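Residue-level structure breakdown
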There are 2 protein chains.
Amino acid sequence: MKCRKCGGKATVNMRQHKLALCSQHYLEWVPEQTERFIKKYEMFSKNEKILVAVSGGKDSLSLWDILCRLGYQADGLYIGLGIDGGIGYSTESHRLTQQFASERGLTLHIVDMERDYGHSIPALAQATHRGKGKPCAVCGLSKRHEMNRIARDMGYDVLATGHNLDDEAAVLFSNTLSWSDYLLRQEPVLPSSDGLARKVKPLCRLYEKEMTAYALLRGIKYIYEECPFAEGSTTIYYKELLNQLENQRPGAKLSFYLKFLDAKQNGLFSPKDQLLSNLHTCPGCGQPTSAPGLCSFCRMMEKVGSPEI
Amino acid sequence: MKCRKCGGKATVNMRQHKLALCSQHYLEWVPEQTERFIKKYEMFSKNEKILVAVSGGKDSLSLWDILCRLGYQADGLYIGLGIDGGIGYSTESHRLTQQFASERGLTLHIVDMERDYGHSIPALAQATHRGKGKPCAVCGLSKRHEMNRIARDMGYDVLATGHNLDDEAAVLFSNTLSWSDYLLRQEPVLPSSDGLARKVKPLCRLYEKEMTAYALLRGIKYIYEECPFAEGSTTIYYKELLNQLENQRPGAKLSFYLKFLDAKQNGLFSPKDQLLSNLHTCPGCGQPTSAPGLCSFCRMMEKVGSPEI
């Protein structure tokens, strides 16, 4: 297999794009593609301040790397969840993220749930009896809340996350199986509203395996392990199902996601304002929330008696 | 496992409904459920004339059986496709359908593609170079056309087909993967319009395996073989994928389909008039068609020089 660009030996063969590239041209291709999606979906400009949510995994560190290579003003935000799982998951991902930032002289903001709120994510899940032994719901809630808070408090225009195509396709699949109204919210860009920064997913059209190849070839040191709590999750199950479809018909995953975005653009769905409820302002943190009174995060913190609330 | 109704030995255990029944109560349960869906989706009344499209398979023969048991005025329509596939597929399904009707003194209309139009379905597919060696597109087109024609010409109010939940879920899955506008048309009932009879699917909430159990326990003699051309079809592949989901979580298939109907009812999608194009009348057969001029069926028949056109 030869590189389409230079005819040299190809390192990465993407059946889904009928494209093979050598390492050097692959490492150029990924940022070019990302830039194309940033422009296509009008995610942000060079004048805007971007906060990248970094977990220490391949996707978010690669995203940060790519945005810097493309010349965007991108700082990082690491949220310490206090997850050990017998592998020092949070300690190790923190160390790798810190090292990534230091080596490149980048600005990294750090939230530590235990230090800042008195409770790790697993402790919060246990104390609040949410999620049947799995802290995933509490974790998602807390991360969303903290990303929004830091972006607002530090004056960032945009919050960027490393969700790749496999992530987006799995969420889409899940929302489709239940025909949830969340279908209306799934977009590469969620515009700024109610004091929240714009949210963008610049990697939404890149396959998970493409991101792995990028991180490896680029020499990014990231945490290989999945979060220990992810094992057996529905998302992983849906990813496997979608991989079956993809193996049967290369490009199926991308087509599923892109045709969804097209159909939405072409008016298949009702306008979302008709279905999504009006938002209120949480008296605790000032973030928008769906019901009057404290938001879910502040209610949780009130329950566990966090020093912050 | 005991029958929920009588405490006797259960023959059929439906994990998806957490319900086990003995043969006798199962044979009562299926028509009860069907009647419930007929009423819920306002399919038809006892005063209306129903044409059941029967293929000789378990679903359509069972549907005809159930409608008769429930006291509806249901006649049959068998369309001879001229498919052999080394197993005399059409000959055998015709024989079984004819036998079913005769034994019960029911009225059966028969269309025979070769006799009435001069060409079997495989011959039509070959002559028109449609479908890359598979006659499925030509078959679907022809069956739709002939069902509509007989229903109109013989004055039936309603055309009923034996599509079961597995069929409906697979079509829904397929339309979802491509986010096709056909999503807007998928309903248990398609109202009468442009001179076409109302179309209904009274078995749309019954699992394929429930229909198999019904046909077997009721002693209906049906053709066991799938159509020889169905092998390797996308629909069968999607059915297998959905069965994986179902095995993982009993009821998943039904939930996928019912939540879709609910979401549609609740306005998730745009009103379909906005997206579906206006229909024209075919100058050949008088049936509605999406573009001006002859409909696809009449164009096909013109091309192969059918004696009927």
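In case you missed it, the structure is sitting above this.
It should be emphasised that the depicted structure is a prediction, and the values quoted were computed from it without experimental measurement.

Before going further, it helps to spend a moment on helix α2 (residues 58-69) of chain A. All names here are of chain A. Helix length check: α2, at 12 residues, gives a terminal C-alpha distance of 16 Å against a target of 16 Å (1.5 Å per residue), a fit within 8%. With respect to burial, α2 is a largely interior element, 10 of its 12 residues being buried. One or two steps after α2, the chain reaches G71, where phi turns positive at roughly 85°.

We now examine the interface of chain B and chain A. Taken residue by residue, the interface counts 28 residues in chain B and 28 residues in chain A. Both sides together, the interface formed by chain B and chain A hides about 2400 Å², and carbon and sulfur atoms give 66% of it. Run the count over chain B and chain A and you get 0 salt bridges. Mapped by element, the contributors of at least two residues to the side of chain B that touches chain A are α7 (165-177), α9 (234-248) and α10 (252-265) of chain B. Ranked by residues supplied to the side of chain B that touches chain A, first place goes to α9(B) with 6 residues. A class-by-class count of the residues in the side of chain B that touches chain A yields 16 nonpolar, 9 polar and 3 charged.

Another aspect to go through is the relation of the copies chain B and chain A. Laying chain B over chain A is done by rotating through 180° and shifting 0.0 Å along the axis; what remains is an RMSD of 0.0 Å. Taken together, the rotation angle and the small translation identify this as a two-fold axis. Most of the interface of chain B is mirrored in chain A, where 100% of its interface residues are also at the interface.

All names here are of chain B. Strands sit in the order β5-β4-β3-β6-β8-β7 across an open sheet of 6 strands; the sheet is mixed. The sheet terminates laterally at β5 (108-112) and β7 (189-190), the two strands that pair on one side only. Pairing of β7 with strand β8 (residues 198-200) involves 2 bridges; the strand directions are antiparallel. Note on β8: the bridge partner recorded for L190 is K199. Together, β3 (49-54), β4 (73-80), β5 and β6 (158-160) form the strand contacts of helix α2 (residues 58-69), whose direction differs from that of β3 by roughly 155°. Against the sheet, helix α3 (residues 89-104) engages β3, β4 and β5, with an angle of about 165° to β5.

Rules and cut-offs
Residues numbered from 1 in each chain as written. Chains lettered and ligands numbered in written order. Predicted model: local features only at pLDDT ≥ 70, side-chain atom pairs only at ≥ 80, totals over all residues. Heavy atoms only, no water. Helix = DSSP H or I, 4+ residues; strand = E, 2+ residues; numbered from the N terminus. Expected span 1.5 Å × (residues − 1). Buried < 20%, exposed > 50% of the residue type's maximum accessible area, 1.4 Å probe, protein only. Contact = heavy atoms within 4.5 Å. Buried area = accessible area lost by both parts, 1.4 Å probe. Salt bridge = Lys/Arg side-chain N within 4 Å of Asp/Glu carboxyl O. Nonpolar A, V, L, I, M, F, W, Y, C, P; charged D, E, K, R; others polar. Least-squares fit on C-alpha atoms with pLDDT ≥ 70 in both. Pairing = 2+ DSSP bridges. Axes fitted to C-alpha atoms, helices over the stretch in contact; angles between N-to-C directions.

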